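Descriptive analysis of the structure
For reference, the chains in residue letters:
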Amino acid sequence: MAAHYNVLFLCTGNSARSIMAEAILNHKGRGGFTAYSAGSHPSGVPRPEAVQQIESAGISTAGLRSKSWDEFAVPGAPHMNFVFTVCDNAANEPCPYWPGQPMTAHWGIPDPATVQGSSVEIARAFRDAFTVLDRRIRLFLSLPLATLQQLAIQKEIEKIGKS
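Residues numbered from 1 in each chain as written. Predicted model: local features only at pLDDT ≥ 70, side-chain atom pairs only at ≥ 80, totals over all residues. Heavy atoms only, no water.

**Structural notes on the nonpolar core**
Counted only if it meets this: In plain words, nonpolar cores are sets of buried Ala, Val, Leu, Ile, Met, Phe, Trp, Tyr and Cys residues tied together by side-chain atoms within 4.5 Å. Note on exposure labels: buried denotes an accessible area under 20% of the residue type's maximum, exposed denotes more than 50%, and partly exposed covers the range between, all computed with a 1.4 Å probe on protein chains only. Numbering of helices and strands runs from the N terminus, with a helix taken as a DSSP run of H or I at least four residues long and a strand as a DSSP run of E at least two residues long.
Ranked by internal contacts, the top residues of the largest apolar core, which has 37 residues, are Phe9, Phe82, Phe84, Trp107, Phe140 and Ile157. Considering every element that reaches this core, the biggest residue donor is helix α4 (residues 119–142), with seven residues. Counting residues in each nonpolar core, the second largest holds nine residues, with Tyr36, Ala38, Met80 and Trp98 among its members.

**Some details on helix α2 (residues 48–56)**
Applied cut-off: Working note: the arc is built from the helix axis to C-beta atom directions. Note on contacts: a residue pair is in contact if any heavy atoms of the two residues lie within 4.5 Å.
Those residues of α2 that fall on the buried side of the exposure criterion are Ala50, Gln53 and Ile54. Seen from one end, α2 has its buried residues packed into an arc of 100°, which puts them on one side. In the core, the buried residues of α2 are packed alongside α1 (17–28) and α4.

**Observations concerning the pairing of strand β4 (residues 103–106)**
For the record, the criterion: Should DSSP find at least two bridges between two strands, the strands are taken to pair.
By the alternation rule, side chains of β4 split into Met103 and Ala105, which are all buried, and Thr104 and His106, of which none is buried. Bridge analysis of strand β3 (residues 82–85) against β4 gives four bridges, and the strand direction is parallel. By the bridge assignment for β4, Val83 is matched with Thr104.

**Examining the sheet that holds β3**
In a beta sheet, neighbouring strands are held together by backbone hydrogen bonds and run either parallel or antiparallel to one another. Formally: Axis definition: a line fitted to C-alpha atoms, over the contacting stretch in the case of helices. Angles run 0 to 180 degrees between N-to-C directions.
Here we have four strands laid out as an open sheet, ordered β2-β1-β3-β4, and parallel in their pairing. Single-partner strands in this sheet number two, and they are β2 (33–38) and β4. Averaged over neighbouring strand pairs, the angle between their axes works out to 20° when direction is ignored. In the packing of α1 onto the sheet, contacts are made with β1 (5–10) and β2, and the angle to β2 comes to roughly 170°. The strands that helix α5 (residues 150–160) touches are β3 and β4; relative to β4, the one it contacts most, it runs at about 20°.

**Thoughts on the pairing of β2**
As a reminder of what qualifies: Crossover handedness is defined here as right-handed if the route from the first strand over the helix to the second strand goes clockwise, with the strands pointing away from the viewer.
Where burial is concerned, most of β2 is hidden: five out of the six residues are buried. Note: β1 against β2, six bridges, orientation parallel. Across the sheet, Asn6 pairs through a bridge with Thr34, a residue of β2. Regarding the hand of the β-α-β motif, the stretch spanning β1, α1 and β2 is right-handed.

**Here we look at the environment of Pro46**
Positionally, Pro46 belongs in the loop between β2 and α2. Note: C-alpha distance between Pro46 and Ala77 (31 residues apart in sequence) is 22 Å. Those residues in contact with Pro46 that lie beyond four places of it in its chain are Ser15, Ile19, Val51, Leu64, Arg65 and Ser66.

**A look at the pattern of salt bridges**
Let me state the cut-off plainly: Throughout this description, the term salt bridge denotes a Lys or Arg side-chain nitrogen within 4 Å of a carboxyl oxygen of Asp or Glu.
This structure, assessed with the given rule, holds seven salt bridges. Salt-bridge contacts for Glu71 lead to Arg65; the nearest nitrogen and oxygen are separated by 2.8 Å. It is possible to trace a salt-bridge network through shared partners that takes in Lys28, Asp134 and Arg138.

**Overview of the environment of Phe72**
Looking at the element boundaries, Phe72 is found in the loop between α2 and β3. Expressed as a C-alpha distance, the spacing of Phe72 and Tyr36, which sit 36 residues apart in the sequence, is 9.2 Å. When near neighbours in sequence (up to four residues on either side) are disregarded, Phe72 contacts Leu8, Tyr36, Ser37, Ala38, Lys67, Ala77, Pro78, Met80, Trp98 and Pro99.

**Some details on the packing of aromatic side chains**
Selection criterion: Aromatic pairing here means that ring centres of Phe, Tyr or Trp (its six-membered ring) are within 6.5 Å. Orientation follows from the plane angle: under 30 degrees is stacked, over 60 is edge-to-face, and everything else is tilted.
Here the structure, examined in full by the defined rule, presents 11 aromatic pairs. Considering the side-chain rings of Phe84 and Phe140, the 5.3 Å spacing of their centres and the 85° angle between planes classify their relative orientation as edge-to-face. In this pair, Phe84 sits in strand β3 while Phe140 sits in helix α4, placing the two residues 56 residues apart along the sequence. For Phe84, a relative accessible area of 0% translates into the label buried. The class for Phe140 is buried, based on a relative accessible area of 1%.

Geometry only, nothing functional implied.
So, in structure tokens, the structure goes:
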């Protein structure tokens, strides 16, 4: 495997879970990873609750934006090593062709944007999603990618999505 890895997180709206995952991995994987996020039907703006959660963790929100996954399926787009779906809808949609055949896995997380209730309950849903993403990304970062065989990596990233 490469010494530097590009990772794309996908979700339908690209406004909460995938945005948080992008921010977490860019913060924790500095030097070895560049994370991106996108959606099949992007909302156009990150959810304020997701931005708040990222900022409360001391992570920069600079450059975060809701964008279409089509940006990553065109000539000249960054070559992806890994593509993770973080919502069930995106996992079940036909994805574009990703140049280079990146490894893929589904890391489904309940959508905090659908939570109804008080501001405290909504904030908790975003915090819970952030916590699960953070844990999965820490597990991913702990994998010895440079020394594992491709099949072993595939099994490990799929296992992370079930944790």
